[in-house]
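Take a look at the letters that make up each chain.
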Amino acid sequence: MNAKQSRNVGTPEVPIYDIREAEPGEVLFDSFVNPESTVGGGTGGLVQPDGTVKARHLGEKFRKVPNEIRYDARGLELHDKILELEVYYGARCEREILHDRITEIVKFIPDNASIVELGCGSLTKTGTILDRLRKEGRSGVKFFALDIEKDFLETSLTALVQDQEKQSVQTGSKVEYAGLYGSYTDALSGFLKNLGGPRVLLWLGTTLGNCTRSEASALLERFQKEGMEEGDVFFIGIDKRKDPLVVAAAYVDAEGLNAEFGMNGLDHLNDILGTPTFDRSLFEHFSGYNDAEGQIESYFRCLEAHTISVPCSEGRVAVALKKDELIRHSVSVKYSMDELEKLGAQTGLHLEKSWTDSRGMYAFCMFRKPHSDKAVQ
């Protein structure tokens, strides 16, 4: 890592390394100003929790902003509240799997492992894994939490460190903690390439689903090629395809937490820009389940025509937004087990093991980078 990347912006007890390659800026709005032709455009319907289908109309080209805009400090707090909603099944399913199958899962994490969690959140579920490793006397384990929100990263890591200090843990079985302040791309650009020890990557929750299918394939292939050595493992939480009404209810909740989580992204964009560019009163949140594509789609709907000014690589540009124009801020893609096996094969990873909850709604999967003489066909 270069000098900037290795700079500790945390504390001696909880070191946090700034690995960012670039500050947020112009690139953020490139696909907003100049949208590319995108699969998934056109007309279609989004299933709602009551079974109705709301029409959504997209041109061949439609504007997008990165899903990461939702994850500032307030967004992470909202996300944790969403995880506790009765209708939001994913978190409960994953906790059930970790509770019931944790002994099997940690068998695949060796001594001296370097564990990297990609997008850490509150680290509550991660604590279950690390606790089991300590109880089984695993030695030399290092844990790195990656996130784009530094304050939340520090708070979550501090809680893990304090929890370990309260336990009677032999010195050799203590986990060594550090935070990584940056994005997936930042981690791939330098940190993972130089990381020693057997590598174990964690993508808990339904984070993979925040990528479109093509994005997920491209990103996993990058991790396989640039962030993993032969024999390394990648644990990924997967939301499986299921009844559309069940999925819709989890993301279009009656309390409106998912909608506020999305709309908070506009506030975060304004913070990044340093100006009140996006007026909340001129947008509403619109989302639902696209059953044909197997994905939740979430948008900002423009309530009236107006013009905003945003930076991009071409300089500052005026963008005219039309009434009822949809701006996509996120998707949540669902997978069948067949689709997961194909995803692994496409990206050079082998789906070696998977665990599901008692209702078969969620899968906790372990992919491995095979040795060259056993490459995925």
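Residues numbered from 1 in each chain as written. Predicted model: local features only at pLDDT ≥ 70, side-chain atom pairs only at ≥ 80, totals over all residues. Heavy atoms only, no water.

Topic: the sheet that holds strand S1 (residues 16-18)
Ordered in space as S1-S6-S5-S4-S7-S8-S15-S14, the eight strands form an open sheet in which the pairing is mixed. Every other strand in the sheet has two partners, leaving S1 and strand S14 (350-356) as the edge strands with one partner each. Sheet twist, expressed as the mean angle between neighbouring strand axes with direction ignored, is 20°. Alignment of S14 against strand S15 (residues 362-368), held across six bridges, turns out to be antiparallel. Note on S15: the bridge partner recorded for Thr 356 is Ala 363. With respect to the sheet, helix H5 (residues 150-166) is in contact with S1, strand S5 (142-147) and strand S6 (176-181), its orientation differing from that of S6 by roughly 175°. Sheet strands touched by helix H6 (residues 184-191): strand S4 (114-118), S5, S6 and strand S7 (199-203). Its angle to S5, the strand with the most contacts, is close to 135°. (Pairing = 2+ DSSP bridges. Helix = DSSP H or I, 4+ residues; strand = E, 2+ residues; numbered from the N terminus. Axes fitted to C-alpha atoms, helices over the stretch in contact; angles between N-to-C directions. Contact = heavy atoms within 4.5 Å.)

Focus: the side chain of Ser 287
Residue position: Ser 287 is located in strand S9 (residues 283-290). The contact partners of Ser 287, leaving out residues within four places of it in the chain, are Leu 46, Gln 48, Tyr 251, Val 252, Glu 297 and Ser 298.

Topic: the pattern of salt bridges
Under the defined criterion, the tally for this structure stands at 24 salt bridges. Between Arg 213 and Glu 339 there is a salt bridge whose closest N-O contact spans 3.7 Å. Of this pair, Arg 213 sits in helix H7 (residues 213-226) while Glu 339 sits in helix H10 (residues 337-347), and the two are 126 residues apart along the sequence. The partly exposed category is assigned to Arg 213, whose relative accessible area is 25%. Judged by relative accessible area, which is 23%, Glu 339 ranks as partly exposed. Connected via shared salt-bridge partners are Arg 74, Glu 260, Asp 267 and Arg 280. (Salt bridge = Lys/Arg side-chain N within 4 Å of Asp/Glu carboxyl O. Buried < 20%, exposed > 50% of the residue type's maximum accessible area, 1.4 Å probe, protein only.)

Regarding the packing of aromatic side chains
Inspection of every chain in the model, using the stated rule, returns 18 aromatic pairs. Taken together, a centroid distance of 6.3 Å and an interplanar angle of 15° make the contact between Phe 29 and Phe 278 stacked. Pair noted here: Phe 29 is in the loop between S1 and helix H1 (30-33) and Phe 278 is in the loop between helix H9 (257-273) and S9, with a separation of 249 residues, a long-range link. Given the relative accessible area of 4%, Phe 278 is considered buried. Taking 5.3 Å as the distance between ring centres and 80° as the angle between the ring planes, the aromatic pair formed by Tyr 71 and Phe 261 counts as edge-to-face. In this pair, Tyr 71 sits in the loop between strand S3 (53-58) and helix H2 (73-83) while Phe 261 sits in helix H9, placing the two residues 190 residues apart along the sequence. Each residue in the set Phe 29, Phe 32, Phe 278 and Phe 283 is aromatic and connected to the rest through ring pairs, giving one cluster. (Phe/Tyr/Trp six-rings, centres within 6.5 Å; stacked < 30°, edge-to-face > 60°.)

Describing unusual backbone geometry
With phi around 65°, Asn 112 is a residue other than glycine that occupies positive phi space. Looking at where Asn 112 falls in the secondary structure, it is placed in the loop between helix H3 (89-106) and S4. Overall, Asn 112 belongs to the partly exposed group, its relative accessible area being 46%. In the Ramachandran plot, Asp 324 falls in the positive-phi region, its phi being about 70° despite a non-glycine side chain. When you line up the elements, Asp 324 lands in the loop between strand S12 (315-321) and strand S13 (326-333). In this structure Asp 324 comes out as partly exposed when scored by relative accessible area, which is 40%.

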